[in-house]
Amino acid sequence: MAKKEFYPMDFDYDNEGNILIYGKTTSNEKILIIDDSVKPYFYVLENGNKAKEIENIRIKEENKIYRVSKTEIVNKRYYDKEIKAVKVYVDHHRDINHIRKKLRDSDLAETDIRYIKRYLTEKRIDPLVLSEAEGEIIEDTDEGISIQGEVKQKSSEFLKNPRILAFDIEVYGDFSGHQKHKQDPIIMISFKGEEFNKVITWKKINAPYVETVKNEKELLEKFVEVIQKYNPDYITGYFTDGFDFPYIKLRADELDVKMDLGIDKSLLIIKKEKTGFTSAKIKGIPHLDMYRFVSRIMGGGLRIDTFNLNTVAREILGEKKLDFDLGDISEVWDSGDIKELAEYNLRDSDLAYKLCRELLPNLNELSKLVGMPIYDVCRATYGSLVENYLIKKAKDYNEIIPNRPKYDAITERRNETYEGAFVMEPKPGFYDKIVVYDFKSIYPSIIVTKNISPSSLNSSKGNKTPEVEIKGKKRHYYFDTKETFIPKVVKELILKRNDIKKQLKEKKDSALSGRSYALKTVANAIYGYLGFFGSRYHSMECAASITAWARYYIQDVIKKAQKEKFEVIYSDTDSIAIFMNKKTKKESLDFLEKVNKNLPGIMELELENFYDYGLFVSKKGEESSGAKKKYALIDSKGEIKIIGFETVRGDWSLIARETQKKVIEIILKENSFEKALNYARKVIKELNEGRVDMKKLIIRNQLKMDLEKYKQIGPHVAVAKQMRERGVNIREGSMINYIVCSGKGLIRDRSKIPKEARDYDKDYYINNQVIPCVEKIFEIKRYTKQDLLSKEQSKLGDF
DNA sequence: GAGCATCGGGG
DNA sequence: GTGTACGATGCTC
C-alpha cells in the first residue's frame, strides 16, 4: 500500500466504470489514480413497497443484459419534504439510462447526474485541491505513477505556481471566401510559458526566440514536442476551442502527424457540438480557452460589447495586441520578411498566458466551490455552475435533486414571461451633488429574507408577496417562513462572502478575491436559475416574486427619500441616484441608516458613492422623458462613469464618438456647457473646413449575409460590392470600412473604400454623426441644433 | 412585430 | 449518450 498527496486536475472514467483522476503530486510527479470505490446509483421516489420489484429489473438489449445490482430504502428529503425513497445501484453508470426505461419518469430522480459529479460529491472531493490517494502502485516510471485505490481530500490548498503554457497559430491565406482548411498551411506557432518565449516557423528569420523547421509537417511535430517537453499543468490560448486546436487537428490529419498530446499519449480530441461549436480536450492536461470563460462567465461584469482578444486584454490586463494587418499575412509570408509577424504571433500567446494567470484564481475557486472540473468550469454557463453547486450541497442537506426537465416542459417554459426589474425614467438634466445607494446583492438577499424557493411556495400561508405579474396576470403569492434548501444555500454563500470581504479589507490577495468572485457569481446566478427554463428547480412564481420584492423595496426607498425632501433622479433594479440639493453628506448617510433600520432580514442598502456632477439625457425624439440606462457621473476624485452612451460603440465614426466623450468630459470636469458647446462647434467647424483626419471618418459595419442576398442596399453593402470589383474577396462576416464622400444623390452611391476616398461629405458627418451624438446632451441647457451649427463663438468660449 | 437565421471568437 | 450552448441581433415577411 502506498500513500500519495496530489492535486486532482482532470477527470475521466473508463469502460469498466473506474474513475480516473489525473493529477500532480506534491513532489511534482504526474499521477493517475484509478478508483472504483463509488458505485453509480439513482433514486426512485417511492416509499419502498416496490424495492424488490425494482431490484429484479432486467433489460436485454442487443445481447447485453442490464440489471440493478442493489436497492436500499432510504430516508431522504425531496423539495424539503421528508420522504422514503429507493436508492437503486447499478453496475455501470451507463446502465442507468437503460434501467430507467422500465420506470415512470415522474418517479425518477438523479438519473442524470454525470458520473464524475457523482464521484466528486460522494467522496466530498473538490477538484484541484490537495488530496491523498491510498492504494496499490500499479505503475511507477519516469513518466509518472499510477495508483489503484481511494482518494480523500486533505485540505483546501491549490497547486502553487502551476505551469501554464499558452499558444497561438498563424495560418496562410486571405481569410475571405469560404474556409479552405485543406489547403491553407499553418505557417507559425508561438508559445508562452514562465520565462519561456518561443516561435516556430518554417521560414528563416533572425530572432532569439525563433526556431526554424523545414516545413509545416515538422512544425506540427515540433508543436507536440514542445508541449511534451514543457510539461504544462494547463494549456491555454484564445479561441483555441473554436479555431487553433480544430485547425491543428485538421492539418495534422492531412499531413499524417499524430497529435498525441494526452498524458497517456492519447490523441487531441475535438468535440463538435450540435450548434457547430467545438471544444478541444487533451487527456490529463486541462485546456483552458480563455475566450470561452471570459465571454460566458466573466463577460457580464466587464463593460465591453465584443470579446475579441484585443478588447478583452485591454479591459482585463491593460495591454493590447500588436498592430498588424492580417489581411496582408500571405504577402508578408511570401516576401520572407516575417519578423513582425513573429512578434505579433508571440504577443497573442503572451496575452493569452497573462489572461490565464490573471483569471486562474477565479477558475480555481469556482471549480472548488461548485465541484466541477476546471475544464468544465471554463466552458460553463451560469446554469451549470448553479446546478453543480446545488448537487454538491444536496449531499449536506440530505436532499434528492430533481431531474432536469424534459424537452416538452422546456418548450412550454420558454414562453412564460414575468415582470422584471423597476427602472425609473430619469428627469433629463445636469445635476450636482448626487448620492447613489444600492442594495447589496438584492436578489440573493430577497431569496434568503423572504425564504423564496419552490418548496416553500404555499397557496395560502406564510409571507405574502407584493403583487406579482406572470404572463400578464396579477396576484399575490405566499412563502412559508420555515427555512428551505435553496435559501439556506444562498445564505451560506452570502455569509461566507461577507467573511472573505472582511479578510480582503485587511490584505489584498488574489486567491481571496477569486473566492469572493466565485461566491458572488454563484449567489447571483441562483435567482436566474429559478427562472431558467432548463432548471431543475424552475419556478416562475419564485423568480417573479423575487423581482416583485425588489421593485417593492427600491420603490419604498424612493418614497422615503421623497418624503424627506431628497430629489430622486434615477433608479434601476437595485440602485437609486439622488440629487442632494441642500442636503449634506451627513444627512444622506443618516437617511441610509434610517432605511437600513427598517429593512428586514439580511437586506441592506449601501452607499455606492457620492458624485459631484451627473448628466441625464432625454430619449431620442422626445424632449421631456428621460432615456433609461444612459447617463454619466463624475466623483470627487475626477473618475468618470459613462453608461449607455454611443462613446463606446464601434458602429459610429471615431469623430462622433470622440466628440461625445470630450463633450461629456468638459461638462463633468469643468462644469461648463458653454465650453463643451464651443468644443463641439470647433469640431463642426473643422469638419466644415475639411480639416478632419480621414481616419476619424471611417464607419465600420459588418456584412451580415452573402452580398447577393441583400435587397436593401445600405452604404456598407454598396462599398462591399466595390471592394469585390477590385478583387478583394468579400464574404458574409467581412468588416466593411467606408467613408461617405461629397456629391449628390444617395449616401450609398457616395460611400467609398477609405483608401479611395478623396474628400468627405461635411453635411453627413455633421448632421448624421456628430450632432446626433451630442444634441441630447446640449438639449439639457436648451441649446439646439442651430446653436451647434452657429458660427458665433459663445461668450465665455475660449477656443 | 413575430419568426427565423446567424453569429460569436480566430486567421 | 455521460449531457450538451445561448443570448443577441438582424433580416424577411
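Residues numbered from 1 in each chain as written. Chains lettered and ligands numbered in written order. Predicted model: local features only at pLDDT ≥ 70, side-chain atom pairs only at ≥ 80, totals over all residues. Heavy atoms only, no water.

Draft legend 1. Structural detail: the overall build of chain A. Across its full length, chain A carries 23 helices and 33 strands. The globule rule puts the C-alpha radius of gyration for 799 residues at 28 Å, and the 31 Å found for chain A is close to it. Dimensions along the principal axes, computed over C-alpha positions, put chain A at roughly 90 × 75 × 55 Å. Sorting the 799 residues of chain A into buried and exposed places 53% on the buried side. Taking contacts inside chain A between residues at least 6 apart in sequence as the whole, the part at least 24 apart equals 67%. Per element, the accessible surface of chain A, about 38,500 Å² overall, is 46% carbon and sulfur. (Helix = DSSP H or I, 4+ residues; strand = E, 2+ residues; numbered from the N terminus. Rg over C-alpha atoms; globule rule 2.2 N^0.38 Å. Buried < 20%, exposed > 50% of the residue type's maximum accessible area, 1.4 Å probe, protein only. Contact = heavy atoms within 4.5 Å. Areas by Shrake-Rupley, 256 points an atom, 1.4 Å probe, with all protein chains shown as cover.)

Draft legend 2. Inspection of a negative patch on the surface at higher detail. A cluster of acidic residues, D323, D325, D328, E331, D334, D337, E340 and E343, forms a negative patch on the protein surface. Of all elements in the fold, only α8 (329-335) and α9 (339-370) reach the threshold of two or more residues within the negative patch. On the secondary structure map, D328 appears in the loop between α7 (309-316) and α8. Residue classification places D328 among the partly exposed positions, given a relative accessible area of 31%. (Patch = residues over 30% accessible without salt bridge, like charges linked within 9 Å, V, L, I, M, F, W, Y side chains within 5 Å. Salt bridge = Lys/Arg side-chain N within 4 Å of Asp/Glu carboxyl O. Lys, Arg positive; Asp, Glu negative; His and termini not counted. Charge placed at Lys NZ, Arg CZ, Asp CG, Glu CD.)

Draft legend 3. Up close: the sheet that holds strand β25 (residues 478-479). Pairing within the open sheet is antiparallel, and its three strands lie in the order β21-β25-β22. The open sheet has two edge strands with one neighbour each: β21 (457-458) and β22 (463-464). As defined by bridge partners, β22 adjoins β25 across two bridges and the pair is classed as antiparallel. Considered in β25, the bridge of K464 is made with Y478. (Pairing = 2+ DSSP bridges.)

Draft legend 4. Structural view of the packing of aromatic side chains. Under the counting rule described, the total for this entry stands at 35 aromatic pairs. Residues Y238 and Y291 carry aromatic rings whose centres are separated by 5.8 Å and whose planes lie at 65 degrees to one another, so their mutual orientation is edge-to-face. With Y238 in the loop between β15 (234-237) and α5 (240-255) and Y291 in helix α6 (residues 290-298), this residue pair connects regions lying 53 residues apart in the sequence. Overall, Y238 belongs to the buried group, its relative accessible area being 12%. Take Y291: its relative accessible area is 22%, and that puts it in the partly exposed class. Seen from their ring centres, Y443 and Y527 are 4.2 Å apart, and the 45 degrees between their planes marks the pair as tilted. Taken together, the residues Y443 in helix α13 (residues 442-449) and Y527 in helix α15 (residues 510-531) connect sequence positions 84 residues apart. The same class applies to Y443 as to Y527, namely buried. (Phe/Tyr/Trp six-rings, centres within 6.5 Å; stacked < 30°, edge-to-face > 60°.)

Draft legend 5. A look at the packing of helix α16 (residues 540-563) against helix α17 (residues 585-598). At a closest axis distance of 11 Å, the pairing of α16 and α17 adopts a crossing angle of 135 degrees. Classified by the interaxial angle, the pair formed by α16 and α17 is oblique. Here the hand of the crossing between α16 and α17 comes out right-handed. In contact with V557, K560 and A561 of α16, α17 contributes F591, V595 and N598. Residues of the contact of α16 with α17, tallied by class, amount to four nonpolar, one polar and one charged. (Axes fitted to C-alpha atoms, helices over the stretch in contact; angles between N-to-C directions. Parallel < 35°, antiparallel > 145°, perpendicular 65-115°, else oblique. Left-handed = near helix turned anticlockwise from the far one by under 90°. Nonpolar A, V, L, I, M, F, W, Y, C, P; charged D, E, K, R; others polar.)

Draft legend 6. Quick peek at the packing of helix α18 (residues 654-670) against helix α19 (residues 673-688). The interhelical angle for the contact between α18 and α19, taken along N-to-C directions, is 160 degrees, at an axis separation of 8 Å. With respect to each other, α18 and α19 are oriented roughly antiparallel. Here α18 runs over α19; the crossing is right-handed. Within the contact between the two elements, α18 uses I655, T659, K662, V663, I666, I667 and E670 and α19 uses F673, K675, A676, Y679, A680 and V683. Among the residues forming the contact of α18 with α19, the class breakdown is nine nonpolar, one polar and three charged.

Draft legend 7. Spotlight on α6. Here α6 has its buried residues at M290, R292, F293, V294, I297 and M298. One side-chain oxygen of the residue at the start of α6 lies 3.0 Å from the amide nitrogen of Y291, identifying that residue as D289. (Polar contact = N/O pair within 3.5 Å; in protein donor to acceptor, adjacent residues only side chain to side chain.)

Draft legend 8. Representation of the pattern of salt bridges in the model. Evaluation of the coordinates by the stated rule reveals 58 salt bridges. In this structure, E399 engages R77 in a salt bridge whose closest nitrogen and oxygen atoms are separated by 3.8 Å. One end of the pair, E399, is in strand β19 (residues 399-400); the other, R77, is in strand β6 (residues 64-78), with 322 residues separating them in the sequence. Among the residues examined, E399 registers a relative accessible area of 3% and is labelled buried. Among the salt bridges present, the one from R379 reaches D241, with a minimum N-O distance of 2.8 Å. Of this pair, R379 sits in the loop between α10 (374-378) and α11 (382-397) while D241 sits in helix α5, and the two are 138 residues apart along the sequence. Each member of the pair R379 and D241 is classed as buried. Through salt bridges with shared partners, one network takes in K198, E211, K222, E225 and K229.

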